[in-house]
Amino acid sequence: MAIQHAAPAVRWFDELAIADVPTVGGKNASLGELLRELKSAGVRVPNGFATTAQAYREFVDANGIEPEMREHIERYRSGDLKLQDAGHALRELVLASRLPDDFADQIRSAYSSLAKSTRTKDPAVAVRSSATAEDLPDASFAGQHETFLNIRGEKALLDACLRCFASLFTDRAISYRETKGFDHFSIALSVGVQQMVRSDIGGSGVMFTIDTESGFPGIATISAAWGLGETIVQGAVNPDRFVVFKPLLGTPGARPIIEKTLGEKAIRMIYAEEGGRQTRIVPATTSQRQSFVLDDDEILELGRWAVAVEKHYGRPMDLEWAKDGDNGLLYLVQARPETIHGDASQSSFRRYSLKTDASPVLSGVAIGSAIANGKVCLIRDASDIAHFQDGAILVTGNTDPDWVPIMKRAAGIVTDRGGSTSHAAIVSRELGVPAVVGTGTATSALCDGQEITLSCASGEKGLIFEGLLEFGVEDIDISAIPETRTEVMLNIADPAAAFQWWRLPAKGVGLARMEFIINNLIKVHPMALLHPDRVSASDNRHISKLVKGHASPADYFVETLARGIGRLAAPFFPYPAIVRLSDFKTNEYAHLVGGDAFEPKEENPMLGFRGASRYYDERYRDGFALECRALRKVREEMGFTNIIVMVPFCRTPAEADRVLDVMAENGLRRSVSGLQIYMMCEIPSNVILAEQFAMRFDGFSIGSNDLTQLLLGVDRDSELLAAMFDERDPAVMLAIAEAISKAHAAGIKIGICGQAPSNYPDFAEFLVREGIDSISLNPDSFVKTCSVIAAAEGAAAG
């Protein structure tokens, strides 16, 4: 077939721009845009070329297959053909056709030019499908069409191009277009041919310029695995995960990596040199499984690229990157709009919450933020998807894009493998179906027909519970939250859930609890990390597993704590984040791994060896030094200078001096590099001697729970005395009023971080009348209490 093209059937990437989507599809147009416009920003993109959409249409016309194609689609829509049968027939029509001679010649000529430029006889190329309706801001088409890697030689290249054309009619692509309302025959397919990066001997992955679950715009999330990137795309591996805080990337010297999670990375995809295949799967080595794919400099380089690409496009982006194992350089190989949060409302969001307490039976990576429940439909192979029951919870090995036709019919999805940046995860979000991926054992732990509840409402960790648990749904209208003179802040403890509240108009974090990070992420007593000789053999074995991948046990503590604090400080940056130093009681510390070797048994831990008294004591001084190292790292290395450090349970001014001296010895000196140090005002002596404490600290935060307990002599944990525990008792309110007055007289700020303002509107009104500077609330009470505070301020003004 010798069809002559009026316009070139092949265009080089460096000739293309984003306006060429109708000509070469979203994927190829975006590669051209990157190559042309972002080279000056240091972004590297491998060269290549694209076939045009018109060349595809001429291919269809030359082979006379469109009437038969339309017939198959109509029979599918009418129910005469199953999706699988229609897709198979359409693909066979394409594969039985021939590329027009002139079109094939232009592909050969471009490939020859690429060979000359790379000084390689048959350069390895990636051959990717790029549809004219693909990678648009409102539809990703993620994973719907085929990609072929390590293609070498003209014959193999022409065959791969034909297979790309056929992939316009994969079952999943047909189903996706039907769901999205796209006309099958108004869409054409361009083929991108791109010089391969030797990521088969390096690594690769996916990067989003936004938090994929909450829509928080301040971070870039990076997934990484060894070898070619298809293992991540297919959800076949649990990859490394890195999170970079974008606003600090421009700060000289700052290295704002706020998460580094080592993935299992059990397999890798490499080139196949025999057997007619282009790639093959091999096990990852032990060293690879235990090592991060990227070092910190590479993580930061990708983070800066994320900022540059997002700024250029003016919207959140979904990027694929590769690391060349030969030259060690990073490259971007794909860029497309992020399709879920890019155009989402910034003035409202939906919040899901479980109404009952329960212990999860499984956990994994949360996709979305919703809760769903139903019966398990366990399907291990795509050949069995016809057995899926509408409205069930799909449980399978991994959420490959081939499963899209039933994913949209599921109430929720649970998988053994996969990460938050796989193509299947993208489509799950786009369909609005909550998923928990990478659980490891879902297909063996859950049974077909079992009733379960799936929750993605706790941040990044998705949870699976037995039974059909009751849950609530609340729509929060940010625009309806009134402005207040009093600074309203948030109490946050869990780094994994911190980003979901970023839309709230909070003036910072009024209480970031260090204990949650130590208890749930670090899990080890800090002294046990420093003195393994005092720890049991079994605890030391446990510790060895936890600290794997870190230079030393102490570094494990410092890095994990610092990154957790960084996540807490990020959502409302540059507003303050007040981080309270550890305030475990001895019985709580003893429950940490190795803790029983270092903690005394006390009759009344609530009034014992806790808070400030530990920091200068030889029994914990070395552990406190690690806390200080973590705070220095997050402030000085990561760049979170908005962090204020707060000292809890400080009994006397003399004790305050000792704590401040130890902090200074460990590099945390008040006023140096803008460091502010606050004190919890939670002991009667803090109020009585407030003038003296104010000379030593930059601010106070009232801890109403302990203050009430100690003023009234009521154990706050006693069920017998629960009726007597009341922050509104006149004695407590007098003490709080006195503390506010003395703080203001001394010229320092004072706030409150207890639950009383949330629980009692009249207490919030009291605080406003007394002129408190800030009120820090739990997130679930923020909206309601803001209204109470605004009303109280209005009443006081009137």
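So, how was this worked out
- Residues numbered from 1 in each chain as written.
- Predicted model: local features only at pLDDT ≥ 70, side-chain atom pairs only at ≥ 80, totals over all residues.
- Heavy atoms only, no water.
- Helix = DSSP H or I, 4+ residues; strand = E, 2+ residues; numbered from the N terminus.
- Expected span 1.5 Å × (residues − 1).
- Buried < 20%, exposed > 50% of the residue type's maximum accessible area, 1.4 Å probe, protein only.
- Pairing = 2+ DSSP bridges.
- Axes fitted to C-alpha atoms, helices over the stretch in contact; angles between N-to-C directions.
- Disulfide = S-S within 2.5 Å.
- Patch = residues over 30% accessible without salt bridge, like charges linked within 9 Å, V, L, I, M, F, W, Y side chains within 5 Å.
- Areas by Shrake-Rupley, 256 points an atom, 1.4 Å probe, with all protein chains shown as cover.
- Salt bridge = Lys/Arg side-chain N within 4 Å of Asp/Glu carboxyl O.
- Contact = heavy atoms within 4.5 Å.
- Phe/Tyr/Trp six-rings, centres within 6.5 Å; stacked < 30°, edge-to-face > 60°.

A. Main features of helix α1 (residues 21-37). The end-to-end C-alpha distance of α1, which contains 17 residues, comes to just 16 Å, noticeably less than the 24 Å that a straight helix rising 1.5 Å per residue would cover. Taking burial as the measure, the 17 residues of α1 include 13 buried ones, the bulk of the element.

B. Region of the structure containing the sheet that holds strand β24 (residues 509-513). With respect to topology, eight strands assemble into a closed barrel ordered β23-β24-β25-β26-β27-β28-β29-β30, the strand pairing being parallel. Each adjacent strand pair in this sheet contributes to an overall mean axis angle of 30 degrees, direction not counted. Judged from the four bridges that link them, strand β27 (residues 677-681) and strand β28 (residues 699-702) form a sheet pairing that is parallel. If you follow M679 over to β28, its bridge partner there is F700.

C. View of the state of the cysteines. In this structure the tally under the stated criterion is zero disulfides. Sulfur of C447: no disulfide; nearest cysteine sulfur belongs to C377 and is 13 Å away. Among the residues examined, C447 registers a relative accessible area of 47% and is labelled partly exposed. Its sulfur unpaired, C681 is 10 Å from the next cysteine sulfur, which belongs to C753. According to the relative accessible area criterion, C681 is buried, its value standing at 0%.

D. Just a nonpolar patch on the surface, in detail. A surface patch of nonpolar side chains, amounting to about 350 Å² of accessible area, comprises L720, L721 and M724. Considering the arrangement of structural elements, one finds M724 in the loop between α24 (704-712) and α25 (730-746).

E. Geometry of the environment of V243. In this fold, V243 is placed in strand β8 (residues 240-245). Counting along the chain gives 214 residues from V243 to A29, while the straight-line C-alpha distance between them is 28 Å. Not counting chain neighbours up to four residues away, the residues in contact with V243 comprise I219, A220, T221, P256, I257, I258, E259 and R567.

F. Representation of α24. Within the sequence span of α24, burial applies to S704, D706, L707, T708 and Q709. Contact partners of the buried residues in α24: β27, α22 (684-688), β28, α25, β29 (749-752) and α26 (756-759). Backbone geometry just downstream of α24 places G713 in the positive-phi region, at approximately 65 degrees.

G. Representation of the packing of aromatic side chains within the structure. Counted by the stated rule, this structure contains 18 aromatic pairs. On the numbers, 6.4 Å between centres and 40 degrees between planes, the contact of Y56 with F59 is tilted. Here Y56 and its partner F59 are both found in helix α2 (residues 53-63), three residues apart, which amounts to about one turn of the helix. Taken as a pair, Y56 and F59 share a single burial class, namely buried. With 6.0 Å between their ring centres and 90 degrees between their planes, F573 and F640 make a pair best called edge-to-face. Here F640 lies in the loop between α20 (621-637) and β26 (643-647) and F573 lies in the loop between α17 (553-569) and β25 (577-580), a separation of 67 residues in the sequence.

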